[in-house]
Amino acid sequence: MFEVYILPILIFLILGLVSGLLLAIASTVFSVNTGKKAQQVREVLPGINCSVCGFSGCDEYAKQIVQNSVVTNKCIPGGDKASREISSIMGIEFEDVIEKVAFVYCNGTKSVTKEKYDYKGTPSCSACNEFYSGKGSCDFGCIGYGDCAQACGYDAIQIINGIAVIDREKCAGCAKCVTQCPKHLIKMIEYTDNVQVACSNHNKGKETRICCTNGCIACEKCVKACNFDAIHVKRNLAEIDDSKCTKCEGCIGICPVGCILS
Amino acid sequence: MKEMMIILVSAIFVDNFVLSKFLGICPFLGVSKKIDSAVGMSLAVIFVMLMATVVTYPIYTILLVPFGLEYLKIVAFILIIALFVQLVEIVLQRFVPPLYQSLGIYLPLITTNCAVLGVTLLNIDKEYDFLQSVVNALGGGLGFMLALILFSGVRQRLQDAEIPQFFKGMPATLIAASIVSVSFVGFNGVVEGLFQ
């Protein structure tokens, strides 16, 4: 009885115990401290998993920083504060984060645009966009049901007078709203590039004027006024080259429709 | 001494675990893409084979045989092998993280690598004593290394070779592996002559 049933169990119990103990000792002696560091880095990161850094989430970015020494300034929502703390955890030099904010390339408020039809469906931009490119008279403009505002985790987007307005101070730069807009009106710009043409209408001046009095009519006044060759009209729409623009704001007063904002 | 040399050389060449006994094919095909990871893998396998033999032989002869528990040897051996694989994994992760990453899943898979279990079981079957078992395990590990390094060289040539599209990848690799293994048949009967 003992030799046939109990002894084998005993032997394997002891074998298992001994090997388990050995492994436990080994794993504490040779413990990898990257796990602890990654944990610390992860706690500094904001944890919204926006993947602006190019990795699949905050966990993955923290892992990459610790294991593959990826640069610490890729987290835009975390900003300089997160970068500085990560640098001190990793013991490497601090790298400046280029802050980015979202910008809505449309200024067609309710008072300057008309409605094509009376929309009574689901109050969502992407749903409304399915019907004749949205209810607004401008096919390029903001629909104003706030799909972007719902995606924003920082309460930085508000629908004011029919268009989405972004609070530059609240915006963390996670770019979650960019993919939400069915009109692709939201783009990420650097925080310092504050002079932008707030219009996306590529129609000719006359057609733009009919649907929205705030729209760019491609008159090229700003192109001539700019001393730095920073503004060009492409496909009936003025575009500002952020790398050349000196933020002198000389073009803002010249624009007859007032679609250049700062 | 002569006997040990025969065991060692025949374990490396004649009874090569990968190319003659066809054990441990999984890492042989999986980790032979680059020579560095092939060397690392082979070193890990040599260590596990040696340590597993050193530990399993006493366990078998002292714990299992006296009580007629030989039928439990596979379970006991797998337990010991798993222990050493885990140890290797912990140590590699700590000291050689690049190698740990390049080996990937094949490292924990040494546990189920039949070459390792094969060495320990064959030592018992062939009724080797302790020292012979250790030498056989060392030879088995070195043979594994030889096969992996040889084949990683073959595979690097294979990547540049112009072969038909439908043969590219695994088919060509398997054909090359079979040709390499055929070449090892040539060692049959050589060993006895070497140490006369």
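Residues numbered from 1 in each chain as written. Chains lettered and ligands numbered in written order. Predicted model: local features only at pLDDT ≥ 70, side-chain atom pairs only at ≥ 80, totals over all residues. Heavy atoms only, no water.

Novice: Tell me what's going on with the packing of aromatic side chains, and back it up with residues and numbers.
Specialist: Under the definition given, this model contains 13 aromatic pairs over all chains. With centroids separated by 4.8 Å and ring planes inclined at 40 degrees, the aromatic side chains of Phe13 of chain B and Phe187 of chain B adopt a geometry described as tilted. You can see Phe13 of chain B sitting in helix H1 (residues 2-14) and its partner Phe187 of chain B sitting in the loop between helix H8 (170-185) and helix H9 (190-194), a full 174 residues away along the chain. A relative accessible area of 29% places Phe187 of chain B in the partly exposed class. Where Tyr57 of chain B meets Phe130 of chain B, the ring centres are 5.7 Å apart and the plane angle is 55 degrees; that geometry is what we call tilted. With Tyr57 of chain B in helix H3 (residues 35-64) and Phe130 of chain B in helix H7 (residues 130-160), this residue pair connects regions lying 73 residues apart in the sequence. Taking relative accessible area as the criterion, Tyr57 of chain B reaches 16% and is therefore assigned buried. Using a relative accessible area of 34% as the deciding quantity, one classes Phe130 of chain B as partly exposed. Among the aromatic residues, ring-to-ring pairing joins Tyr119, Phe131 and Tyr145 of chain A into one connected group. (Phe/Tyr/Trp six-rings, centres within 6.5 Å; stacked < 30°, edge-to-face > 60°. Helix = DSSP H or I, 4+ residues; strand = E, 2+ residues; numbered from the N terminus. Buried < 20%, exposed > 50% of the residue type's maximum accessible area, 1.4 Å probe, protein only.)

Novice: Can you explain the confidence of the model for chain B? Please cite residues and give values.
Specialist: Any residue range with low pLDDT should be treated as having predicted coordinates unsuitable for detailed reading. Residues with a pLDDT of 70 or more make up 99% of chain B, whose mean pLDDT is 87. Per-element averaging of pLDDT across chain B places H9 of chain B at the bottom with 76 and H7 of chain B at the top with 92. (pLDDT = per-residue confidence, 0-100.)

Novice: Break down the nonpolar core for me, with residues and values.
Specialist: Phe28, Met41, Val48 and Ile110 of chain B are the most contacted members of the largest nonpolar core, which has 55 residues in total. Leaving out residues up to four positions away in the same chain, Phe28 of chain B has contacts with Val18, Leu19, Ala147, Leu148, Phe151 and Ala177 of chain B. Listed in part, the 21 residues of the second largest apolar core include Phe103, Cys148, Ile157 and Ile186 of chain A. (Core = buried A, V, L, I, M, F, W, Y, C linked by side-chain atoms within 4.5 Å. Contact = heavy atoms within 4.5 Å.)

Novice: Explain the side chain of Asp193 of chain A to me, using residue names and the numbers behind them.
Specialist: Secondary-structure assignment places Asp193 of chain A in the loop between strand S4 (186-190) and strand S5 (196-197). Beyond its immediate sequence surroundings of up to four residues, Asp193 of chain A is in contact with Asp242 and Lys247 of chain A.

Novice: I'd like a description of the side chain of Gln132 of chain B, backed by residues and values.
Specialist: If you trace the backbone, Gln132 of chain B turns up in helix H7. Not counting the four nearest positions on each side in its chain, Gln132 of chain B is found in contact with Glu3, Met4 and Ile7 of chain B.

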